[in-house]
Amino acid sequence: MRLKQERGLCERYAADPEQADAEIFGRRVDGTRRGFLKRSGLAFMGALLGAGIPFWRNYPGGLIPAAFAESDAAFVIDGKNGLRVLNDRPLNAETPVHFLDDDVTPTSRHFIRNNGIPPAYADPAAWRLTVDGEVERALELSIDDLRRRFEVVKLQLQLECGGNGRAAFNPPARGNQWSLGAIGNAQWTGVRYRDVLQAAGLKPTAVYTGHYGADSHLSGQAGKLPLSRGVPLHKALDPHTLIAFEMNGEPIHQMNGAPLRVVAPGWPGSCSQKWLTRIWVRDQVHDGAKMTGTSYRVPKYPVAPGQTVPEEDFRIIESMPVKSIISSPKNGILLPAGQRNLTVHGHAWAGDLAVSAMHLSIDFGRTWLNARVDAPPNKYSWQAWSAGLNFPLAGYYEVWARATDENGQMQPFAIAWNPKGYLNNAMHRIAVRVS
Ligand SMILES: Nc1nc2c(c(=O)[nH]1)N[C@H]1C(S)=C(S)[C@@H](COP(=O)(O)O)O[C@H]1N2
Ligand SMILES: [Mo]
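Nothing here was measured: the structure is a model prediction, and the numbers come from that model.

1. Looking at the sheet that holds strand β21 (residues 383–390)
If you walk across this open sheet you meet the 4 strands as β15-β17-β21-β20, and the pairing is antiparallel. Of all the strands in the sheet, just β15 (323–328) and β20 (372–373) have a single pairing partner and so form its edges. Pairing of β15 with strand β17 (residues 341–349), which is carried by 5 bridges, proceeds in the antiparallel orientation. From the neighbouring strand, Ile325 faces β17, where its bridge partner is His347.

2. Thoughts on empty space enclosed by the protein
Throughout the structure, instances matching the rule amount to 2 cavities of 30 Å³ or more. Lining the largest cavity are 19 residues, with Arg113, Arg261, Gly269, Ser272 and Lys274 sitting closest to its centre. Taken together, the residues of the lining of the largest cavity sort by class into 7 nonpolar, 8 polar and 4 charged. Within this model, the second largest cavity holds a volume of roughly 30 Å³. In this structure, the second largest cavity is lined by Glu160, Cys161, Gly162, Asn164, Met320, Pro321, Lys323, Leu423, Asn424 and Asn425. Broken down by class, the residue content of the lining of the second largest cavity amounts to 4 nonpolar, 4 polar and 2 charged. Counting residues domain by domain, the lining of the second largest cavity receives three or more from each of domain 2 (84–316) and domain 3 (323–434).

3. Things to note about the confidence of the model for the protein chain
Summarising the model, the protein chain shows a mean pLDDT of 88, and 83% of its residues fall at 70 or more. Looking at the elements of the protein chain, mean pLDDT is at its lowest for helix α3 (residues 39–51), recorded as 54, and at its highest for strand β11 (residues 261–263), recorded as 99. Here residues 26–39 is modelled with pLDDT under 50, and outside its nearest four sequence neighbours on either side it reaches 42 contacts, counting other chains as well. Between residues 69–74, whose pLDDT stays under 50, and residues either more than four places distant or in other chains, the model counts 7 contacts.

4. Description of the pattern of salt bridges
Tallying each qualifying case throughout the model produces 13 salt bridges. For Lys154, the salt bridge identified is with Glu246, shortest N-O distance 3.8 Å. A residue pair is termed long-range when its members are at least 10 positions apart, and Lys154 in strand β6 (residues 152–160) and Glu246 in strand β9 (residues 242–247) qualify at 92 residues. With a closest N to O distance of 3.1 Å, Asp374 and Arg372 form a salt bridge. The class for Asp374 is partly exposed, based on a relative accessible area of 28%. Members of the salt-bridge network, linked through shared partners, are Glu151, Arg192, Arg194 and Asp195.

5. Section: the side chain of Ser381
Within the fold, Ser381 resides in the loop between β20 and β21. Within polar-contact distance, the side chain of Ser381 engages the side chain of Asn185 at 3.2 Å. Other than its neighbours up to four places away in sequence, Ser381 contacts Gln156, Gln158, Asn185 and Pro376.

6. Structural notes on the environment of Arg315
Relative to the elements of secondary structure, Arg315 occurs in strand β14 (residues 314–316). Residues Arg315 and Lys300, 15 residues apart in the sequence, show an inter-C-alpha distance of 5.9 Å. Excluding residues that lie within four positions of it along the chain, Arg315 makes contacts with Tyr296, Arg297, Val298 and Lys300.

Rules of the game
Residues numbered from 1 in each chain as written. Chains lettered and ligands numbered in written order. Predicted model: local features only at pLDDT ≥ 70, side-chain atom pairs only at ≥ 80, totals over all residues. Heavy atoms only, no water. Pairing = 2+ DSSP bridges. Helix = DSSP H or I, 4+ residues; strand = E, 2+ residues; numbered from the N terminus. 1 Å grid on protein atoms, 1.4 Å probe; cavity = no way out; pocket = protein on both sides within 12 Å on 5 of 7 lines; lining within 4 Å. Points joined across faces, edges and corners; volume = space filled by probe spheres on them. Nonpolar A, V, L, I, M, F, W, Y, C, P; charged D, E, K, R; others polar. Domains from an automatic or database assignment. pLDDT = per-residue confidence, 0-100. Contact = heavy atoms within 4.5 Å. Salt bridge = Lys/Arg side-chain N within 4 Å of Asp/Glu carboxyl O. Buried < 20%, exposed > 50% of the residue type's maximum accessible area, 1.4 Å probe, protein only. Polar contact = N/O pair within 3.5 Å; in protein donor to acceptor, adjacent residues only side chain to side chain.

Now the structure itself:
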């Protein structure tokens, strides 16, 4: 079910490895050298294809050769470290959950979700953002204009893909099979989206925004966009919604939207347009690519797994639900003989809301203990939590982690199944064996 009709990695590398590498991965952040696949990786791919893959015509498009997993010449994305690559075209990579232990997610550990082909590296000095539509005066702004005209703010902001957790859907849902790692909490520097809208002057007819980026559609068809989503005006006016030009104090990584992007925290990541070129202020709900149909939408009512739902019964996803991860220890840990105590920690977040409590169970949900939950450094940052556990006997345990938001909503045991595989906020569980 992950098979894609697109031209596969092997096929394209067989034809022209350098060209394939450039097509798939674009330019390096510094813009000088092509290719995100490290030299050794390229050589490895060459050797692999040199040895010959008799059945390469059957090779599914989005799949990374399994041999890479066994090799040091692994599939490496420049500037990213240890991410699990789900697809090569478009490039999608998630962070193994035990690499999400930092309070501020390093750029090297921040997931990548592309719907299309990223633009080639562009000179940030030449970048322009257009703001038009239902405004008193259309604006054309350079990144320098943004820095000079508006207050520059730094915020730690959670960004989670609406499809994070889709891999656990049964029946499966089509799309990237994210496990838990399509979430990050980087520090973003930029200006408030609100301030830019106010400089343009909103007309009374303004109700929604439409975002445009410089990436191109997989089909290569001119004028066809991979993604153009937006947010209702109240979200654009939230002081935590940014037009960002730095990620963790540096220019944004090419794969995370350099040199300019929206960060609309707490909402599906797709609201946070990368490679931002235009904000079109609309007098209606934006109807760009992946705003309509069933994209980034869920049924308005609970449905049974596998149920067919008419399109008019879907609603646009806004704030993401409460969720948490156990980032340490790693799933499957074995405590040495004599050790009965274990500190566990992780992060929790809840869309537009704060996390008010975090509970852990080591007896499959019969009893729960309270974990410590830190206040966020700013609204819309995820929150660190930690707890000390004690295991009474040797044997197999699971640690279950459950966050509660400030409205009293908790993470469920099971997935609230929906046709497109969104919003899986089921509790994270890890296995612990005690010797
Ligand atoms: N221009 C553009 N912006 C985009 C996307 C895209 O494909 N093109 N993907 C969106 C989706 S679905 C997500 S989850 C986030 C992911 O941001 P990241 O790649 O920086 O983690 O970017 C969003 N912004
Ligand atoms: Mo996403």
